[in-house]
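Secondary and tertiary structure notes
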Amino acid sequence: MPAHSLSKRSNSTKYVVAHFMVGNSYPYTVDNWLSDIQLAYQSGIDGFALNVGSDSWQPQQVANAYEAAQQSGTGFKLFMSFDMSSLPCSTAADAATLRNYITTYATHPNQFLYNGRVFASTFSGESCTFGQGSVVSGWSSQFIQQLSGTNAVYFVPSFFVDTSTFNTYNGVIDGMFNWNSAWPVQVTTSYVTSLLGAIGNILQNPTSALGSLSSLVGSTNPDQQYISALGSNQTYMAAVSPWFFTHYSPQTYNKNWIYLSDDHLYAQRWENLVQIRDQVDIVECLTWNDYGESHYLGPIEGDQPNSQAWVDGFDHIGWLNLTSYYATAFKTGSYPSVTKDQIIMWSRPHPALATAPDPVGQPQNFQITEDVVWAIVLATSPGTVTLSTSSSQSQTFSVSSGISKLSIPISPGGYMAATLSRNGQNVIDLKSTNFTFNPNPPSYNFNVLVISSD
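These remarks concern the structure in this document. Position numbers for residues start from 1 in each chain and track the written sequence from start to end. With pLDDT at 70 or above as the cut-off, local features in this predicted model cover only qualifying residues; side-chain atom pairs require 80 or more to be listed or tallied, and sums for whole chains, interfaces and linings still use all residues. Values shown for side chains rest on all heavy atoms present in the structure; no hydrogens or waters enter the calculation.

A few words now on the overall build of the protein chain. Helix and strand definitions here come from DSSP, where helices need a minimum of 4 consecutive H or I residues and strands a minimum of 2 consecutive E residues; each element is numbered from the N-terminal end. For the protein chain, the count of helices and strands is 12 helices and 19 strands. For the radius of gyration, the atoms used are the C-alpha atoms, and the globule rule reads 2.2 Å times the number of residues raised to 0.38. Against the globule reference of 22 Å for 454 residues, the protein chain gives a C-alpha radius of gyration of 22 Å, in line with a compact fold. Taken over the C-alpha atoms alone, the protein chain extends approximately 65 × 50 × 45 Å along its principal axes. Between buried and exposed lies partly exposed: a residue is buried under 20% and exposed over 50% of the maximum accessible area for its type, with that area taken using a 1.4 Å probe on protein chains only. Per-residue burial for the protein chain yields a buried fraction of 56% across its 454 residues. Any two residues whose heavy atoms approach within 4.5 Å at even a single point are treated as in contact. When contacts within the protein chain are restricted to residue pairs at least 6 apart in sequence, those whose partners lie at least 24 apart make up 74%. This count recognises Lys and Arg as positive and Asp and Glu as negative, with His and chain-terminal groups excluded. One atom stands in for each charge, and that atom is NZ of Lys, CZ of Arg, CG of Asp or CD of Glu. Averaging the coordinates of the 15 positive side-chain charges in the protein chain and doing the same for the 29 negative ones gives two points 9 Å apart.

What follows is the structure, given as structure tokens:
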């Protein structure tokens, strides 16, 4: 892997932002935005990447977001993340929509500026020509070059292209956002089959077979590929995400798969990013509110994209406690002292191999996830943690101060429970409510319920 100077990166201020799907905010008021912004800010997040699509009502919600950010008094930042899977980009006129978002907010006090320019990103866009002869000339002549002075853009898109082509975007990009670095996206059922032999081995002995995949969870190999392909003065934005499951029929969005999210993906990915923080400028959390893909960190609110069947009742707020801890470590270079004992744990609601009368069918890659409860303990001092998933299935661990990543198998009929004790006294006693690991689910749901102590 070619080495290059990382001095620019290692000296830069670090930021943590979260991807916000404006398309899920239809009923939001300024107060709704304010509540989300305050919660994100308290969780170590510096700003929202506002994913905007083609709905006619979205510009007003973007205006509400900027108004709320200013009202918050926190200095919380916002920037546009143009969803080019939704926004049209085949004519020159299409680029005017993008430029208008930039010029409207360029001088707003809560606009995220980077190196003195208006920061902007995308989801996709690698096929956009804006009526020009090529993608590069389209973005360059219709977007970048038409924005100057206080409107000048610092452009860090997520183009889904081979890293060997990055140098062809000179004059367009100031860096790249590596969307798929958040998950080990290469780990499919067929990948595992080829890695470990016949699929029967996975099903017969899933724990040992899938355990060998844990080194791929949170891996920085995708980061290193991007970092090596970018110039030393270009910005690298990495992604981190806690989960991934989507379950849409061919008649709707035709998306039905999981990515491997076991082995404490969120914590492991964060820890690996902290290790290479000198080479990473910005981390974007995927996501604040993408309910359809089950990787929301924020509250379940707004207007879901017909994902209620696998989202309603599956709170994820507990993950924000981890976000604050790891964001501090990434931004400062050292992990904060734990000042409050806490346990966060999560589980899927049914066995991976369960069958359901669900016309959408089992999601792709369902065989690669383990029936396990994942737990993270933040401890102020050493203690004893007991995890339980039934009256006959429990495991006890000694934990030191700081963070501990623990797990325990879960069987049909199981629940989630944990205690933290010191000197024979329980400091935390946590147990799930309205949750049973159901061997006969009414439909497939590979989302998780996250519970946490106060």
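Continuing now.
Moving on to the sheet that holds strand β17 (residues 417-422). Within a sheet, each strand pairs with its neighbour through backbone hydrogen bonds, oriented either parallel or antiparallel. The strand order β15-β14-β17-β18 describes an open sheet built from four strands, whose pairing is antiparallel. Edge positions in the sheet fall to β15 (393-399) and β18 (425-431), since each has one partner strand and no second. Each adjacent strand pair in this sheet contributes to an overall mean axis angle of 15 degrees, direction not counted. Two strands pair if DSSP finds at least two bridges between them. Pairing analysis gives seven bridges linking strand β14 (residues 383-390) to β15, with the strands arranged antiparallel. Bridge assignment links V385 to a residue of β15, and that residue is F397. Simply put, an axis is a line fit to the C-alpha atoms, just over the touching stretch for a helix, and the angle between two N-to-C directions goes from 0 to 180 degrees.

Moving on to the side chain of N289. Tracing the backbone through its elements, the reader meets N289 in the loop between β11 (282-285) and α11 (308-311). When neighbours within four sequence positions are excluded, N289 is seen to be in contact with H19, F20, M21, N24 and Y296.

Such a bond, covalent and formed between the sulfur atoms of two cysteines, is termed a disulfide. Pairs of cysteine sulfur atoms within 2.5 Å are what we label disulfides. On inspection of all chains with the given rule, the structure shows one disulfide. The disulfide partner of C89 is C128, and the gap between their sulfur atoms is 2.2 Å. Taking the sign of the S-S torsion, about -75 degrees here, the bridge from C89 to C128 comes out left-handed. Here C89 is found in the loop between β3 (77-83) and α4 (92-105), whereas its partner C128 is found in the loop between β5 (117-123) and α5 (135-144), with 39 residues between them in sequence.

Let's shift gears to the sheet that holds strand β16 (residues 402-409). The strand order across the open sheet built from four strands is β16-β13-β12-β19, with neighbouring strands paired in antiparallel fashion. At either end of the open sheet lies a strand with only one pairing partner, and these are β16 and β19 (449-452). Geometrically, the sheet is characterised by an average inter-axis angle of 15 degrees between neighbouring strands, direction not taken into account. Summarising the sheet, strand β12 (residues 342-347) and strand β13 (residues 372-379) pair through five bridges and their orientation is antiparallel. Each residue of the ladder has a partner; that of W346, found in β13, is W374.

In this chain, L286 is followed by T287 through a cis amide linkage whose omega measures 5 degrees. In this model, N423 sits at a positive phi of 50 degrees, which is unusual for a non-glycine residue. Along the chain, the position of N423 falls in the loop between β17 and β18.

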